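So the chains spell out like this:
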Amino acid sequence: MSALRKAVALLAFAVVALLASWPVAPAAATAAQSGFEHVEHFTSDMEITPAGSLRVHETIDYDFGSLSRHGIYRFIPVRFPYDSRYDRVYPVHNVKVTAGSDTPSAVDISEQNGNVALRIGDPDRTITGRHRYDITYDVDGALNTFPDHDELYWNVTGNRWVVPISRADATLRGPIGFTKITCFEGPEHSDLPCDESAADGGTAHYGSVELGTGAGLTIVAALPRGAIANVRPILDERWSLNRAFARTPITVGSAVILLAAIALLLTRVLWRHGRDRRLVGDGVETLRPLFDHGDSPVEYRPPDELRPAQVGVLIDERADPLDVTASIIDLGVRGYLRIEEIPDKGLFSRGDWRLTKLDADAEALEPYERKLLKGLFDSGDEVLMSDLKSHFYDDLKQIQDSLYDDCVKRGWFRQRPDRTRAAWLGIGIAATVLGVGAVVLAAAYTHFALALLPLAIVGIVVLAVHNRMPARTGAGAKTLEHILGFRRFMTTAQTQRMQFAEEEGIFAKYLPYAIVFGATKQWARRFEGLGADSPAMGGMGWYLGANVFNPVGFSDSMHDFTVSTAGTIVSTPPSASGSSG
């Protein structure tokens, strides 16, 4: 039985020995032997300079096999986390690539995910088979220092190769003999020893064979402490919002001081430029006090025979479509045109208005009124309001320009209100861009962004108030007081109603002003109960309605006309469209 056990043991030993000696080809070797794409030989010749930089010369023998490629990528790892705040970086410079005449060697350099990426080759040309690339570059900050020695720890090949490396060799030379060397191979952070490492004084050699995809060669060499002049690591602070807007006594204090200074400056500028003036005698103007909102006495007629559109511009500093619509009605009341209501004729029709030009002398009209008449009746003496849609926009712009010019000519504003708003809008946009830009730059490169944050507020405040910046002159403010007194008569005063009920055509005469004041219904109710034969209701021949006339019903029609007309005159033509074929 003992002889049988010995025979079985001998047979088992023979099988194990046979399996152990069976040739097993690693992936890299298999790739190389079968002609697949791989790095045939990666050679790196490195030198540590006395100044502490690393000079590198790499020779890469690359076999593309039968595959057509434009070239290779070489990734050099240059950025690693150092601590919770900093990354350690290895600046790479003086990169040069050379190759044989049959090998494209143009290089594009970028940084990707902590690596300097060298894209070597020609995007317009492909190559196959074996090619050699020579790459040289310098690295700063590659050495480390310890209490008893200085050290180079360097990833020779990198770990981003997507093909195997059949063999990798590295030679390192230093200004003084190395005290200790070692090397590792495999994936990143691997502690597996490499195949070969040997040192002879100031020269060390390292080698690995059959490195698989993603595997690399890392070398370590120790030198006596102080042998290298500059071994301090180069650190780059990682950006974070909290650090960019760091809250320190300096940044908080600076922000408060800057905010206070900006608030004072903005208050002064906006106060001086955006407040109305008032006359104090002999044409002298002063700024109107902030809380000077005394009630204007009631006035029973518009001051200086101003027209409704002029009144509207002075009230809200805008020549808006409502003012133009009120002018159309005013021209009707004064005999320059007739408005005829065309009722809808069923579920699928809409009401309209026909405007007819009357034979009246237009020379007495204001310039903006002449432009309005011309724009309305440019195609003939009769026009449907709906036909003006998408065609009146350019005329409207000219009418508004004329109204703005008129208010400057009358001395109500020093500058056209629309241009004042545009100027302050531009200032606000510029201040916002510059302020936000300064904060962004400070946040990107410093910890002082909080101190500059008030700069971003300047433009935002100006943008918020730019519509309020037109300021009336003393004459304009005085005229406005009279207009507001006239508005009080039309909207609130009751005691003189019967007196003015006897004035011929007062309802129609002041109706355009009621439209500008937004008080059409209030004005109509003032005349509710008065008969059509009342003198106040006279002068209505300019309007042909579809229903029996009464003031309140008529005010509803005027409201519809106002809304419809305002929408019509501002409508723009649809933008042109097309396609290629």
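Residues numbered from 1 in each chain as written. Predicted model: local features only at pLDDT ≥ 70, side-chain atom pairs only at ≥ 80, totals over all residues. Heavy atoms only, no water.

**Q** Please explain the overall build of the chain as it appears in this structure.
**A** The helix and strand inventory of the chain stands at 15 helices and 24 strands. Considering the chain as a whole, with its 581 residues, one finds that 42% of them fall into the buried category. (Helix = DSSP H or I, 4+ residues; strand = E, 2+ residues; numbered from the N terminus. Buried < 20%, exposed > 50% of the residue type's maximum accessible area, 1.4 Å probe, protein only.)

**Q** I keep staring at a nonpolar patch on the surface and nothing clicks. Help me out?
**A** Residues Leu425, Ile429 and Val433 make up a contiguous nonpolar surface patch of about 250 Å² in total accessible area. When you line up the elements, leucine 425 lands in helix H9 (residues 417-445). For leucine 425, a relative accessible area of 33% gives the class partly exposed. (Patch = residues over 30% accessible without salt bridge, like charges linked within 9 Å, V, L, I, M, F, W, Y side chains within 5 Å. Areas by Shrake-Rupley, 256 points an atom, 1.4 Å probe, with all protein chains shown as cover. Salt bridge = Lys/Arg side-chain N within 4 Å of Asp/Glu carboxyl O.)

**Q** What exactly am I supposed to notice about the sheet that holds strand S3 (residues 71-77) here?
**A** Pairing within the open sheet is antiparallel, and its 3 strands lie in the order S3-S8-S7. The sheet terminates laterally at S3 and strand S7 (107-112), the two strands that pair on one side only. Each neighbouring strand pair of the sheet contributes to a mean axis angle of 20°, computed without reference to strand direction. Pairing geometry for S7 and strand S8 (residues 115-121), over 6 bridges, is antiparallel. (Pairing = 2+ DSSP bridges. Axes fitted to C-alpha atoms, helices over the stretch in contact; angles between N-to-C directions.)

**Q** What is the right way to read the sheet that holds strand S23 (residues 382-384) from this model?
**A** Within a sheet, adjacent strands bond to each other through the backbone by hydrogen bonds, running parallel or antiparallel. Ordered in space as S23-S22-S21-S24, the 4 strands form an open sheet in which the pairing is mixed. Looking along the sheet, the strands with just one partner apiece sit at the ends: S23 and strand S24 (543-544). As defined by bridge partners, strand S22 (residues 352-357) adjoins S23 across 3 bridges and the pair is classed as antiparallel. Directly across from threonine 356, in S23, lies its bridge partner glutamate 382.

**Q** Please clarify how the pairing of strand S21 (residues 337-342) should be interpreted in this entry.
**A** Strand residues, when the strand is regular, have side chains that alternate between the two faces of the sheet. Burial of the side chains of S21 is restricted to one face: Leu337, Ile339 and Glu341 are buried, whereas none of Arg338, Glu340 and Ile342 on the reverse face is. Here S21 runs beside S22; their pairing, made up of 6 bridges, is antiparallel. Within S22, the position partnered with glutamate 340 by the bridge is arginine 354. Taken together, the 2 bridges between S21 and S24 define a ladder with parallel strand orientation.

**Q** Just checking my understanding: could you explain unusual backbone geometry for this structure?
**A** Positive phi, normally seen in glycine, also occurs at glutamate 305, with a value near 55°. With respect to the helices and strands, the residue glutamate 305 is situated in the loop between strand S20 (285-287) and helix H5 (308-316). Residue classification places glutamate 305 among the exposed positions, given a relative accessible area of 68%. Despite not being glycine, serine 390 shows a phi value in the positive range, around 70°. With respect to the helices and strands, the residue serine 390 is situated in the loop between S23 and helix H8 (393-409).

**Q** I tried to follow the packing of H5 against helix H13 (residues 506-517) on my own but got confused; where do I start?
**A** Packed helices, taken two at a time, are described by the angle between their axes plus the distance between the axes. The N-to-C vectors of H5 and H13 enclose an angle of 25°; their axes lie 9 Å apart at closest approach. It follows that H5 is roughly parallel to H13 by the angle criterion. Crossing hand, H5 versus H13: right-handed. Contacts from Pro308, Val311, Gly312 and Ile315 of H5 reach H13 at Pro512, Tyr513, Val516 and Phe517. The class makeup of the residues in the contact of H5 with H13 is 7 nonpolar, 1 polar and no charged. (Parallel < 35°, antiparallel > 145°, perpendicular 65-115°, else oblique. Left-handed = near helix turned anticlockwise from the far one by under 90°. Contact = heavy atoms within 4.5 Å. Nonpolar A, V, L, I, M, F, W, Y, C, P; charged D, E, K, R; others polar.)

**Q** Would you take a moment to explain the packing of H9 against helix H10 (residues 449-465) for this structure?
**A** Taken N-terminus to C-terminus, the directions of H9 and H10 make an angle of 165°; their axes are 7 Å apart at the nearest point. What the angle tells us is that H9 and H10 run roughly antiparallel. Note on packing geometry: the crossing formed by H9 with H10 is left-handed. Residue composition of the contact of H9 with H10, grouped by class: 19 nonpolar, 4 polar and no charged.

**Q** Looking at this structure, how should I read H5?
**A** Two residues of an α-helix separated by three or four positions point the same way, owing to the 3.6 residues in each turn. Among the 9 residues of H5, 7 are classified as buried, and the element is accordingly described as predominantly covered. If you check which residues of H5 are buried, you get Pro308, Ala309, Gln310, Val311, Gly312, Val313 and Leu314. Of the surrounding secondary structure, the elements contacted by the buried residues of H5 are helix H6 (321-333), helix H7 (367-376), H8, helix H11 (474-491) and H13. Once H5 finishes, glutamate 317 follows within two positions and takes phi at roughly 65°, a positive value.

**Q** Would you mind showing me how to read the state of the cysteines here?
**A** In protein chemistry, a disulfide is the covalent bond that joins the sulfur atoms of two cysteines. All chains considered together, the criterion is met by 1 disulfide. A sulfur-sulfur separation of 1.4 Å characterises the disulfide bridge that pairs cysteine 183 with cysteine 194. Of this pair, cysteine 183 sits in strand S13 (residues 180-186) while cysteine 194 sits in the loop between strand S14 (192-193) and strand S15 (196-200), and the two are 11 residues apart along the sequence. Here cysteine 183 matches cysteine 194 in class, with each residue buried. (Disulfide = S-S within 2.5 Å.)

**Q** Mind showing me how you'd approach the pattern of salt bridges here?
**A** Side chains bearing opposite charge may pair, as long as their charged atoms lie close to each other. Enumeration over the complete set of coordinates arrives at 30 salt bridges. Aspartate 236 is the partner of arginine 79 in a salt bridge, and the nearest nitrogen-oxygen pair spans 3.0 Å. Here aspartate 236 lies in strand S18 (residues 234-237) and arginine 79 lies in strand S4 (residues 79-81), a separation of 157 residues in the sequence. Arginine 79 sits in the partly exposed class, given a relative accessible area of 27%. The residue aspartate 401 makes a salt bridge to lysine 397 at a minimum N-O spacing of 3.1 Å. Highlighted residues: aspartate 401 and lysine 397, both in helix H8, separated by 4 residues, approximately one helical turn. Each of Arg79, Asp87, Glu111, Asp236 and Arg238 takes part in one network of salt bridges that share partners.

**Q** Can you walk me through the confidence of the model for the chain in this structure?
**A** In low-pLDDT segments, the atomic positions of the prediction should not be examined closely. Summary statistics for the chain give a mean pLDDT of 86 and a share of 88% for residues scoring 70 or more. The model gives residues 576-581 a pLDDT under 50, and that stretch makes 0 contacts with residues more than four places away or in other chains. (pLDDT = per-residue confidence, 0-100.)

**Q** For this particular structure, what's the right way to read the nonpolar core?
**A** What tends to happen in soluble globular proteins is that the nonpolar side chains get buried as a cluster. In terms of nonpolar packing, the biggest core is built from 61 residues, with Ile339, Leu376, Met490, Trp523, Trp542 and Phe561 touching the most fellow members. Top contributing element to this core by residue count: H13, with 10 residues. Apart from the residues lying within four places of it in its own chain, the contact partners of phenylalanine 561 are Thr325, Ile328, Ile329, Ile339, Trp353, Leu355 and Met385. (Core = buried A, V, L, I, M, F, W, Y, C linked by side-chain atoms within 4.5 Å.)

**Q** Explain the environment of glutamate 47 here, please?
**A** One can find glutamate 47 in strand S1 (residues 38-48). Sequence-distant contacts of glutamate 47, defined by excluding residues within four places in its chain, comprise Ser53, Leu54, Arg55 and Arg173.

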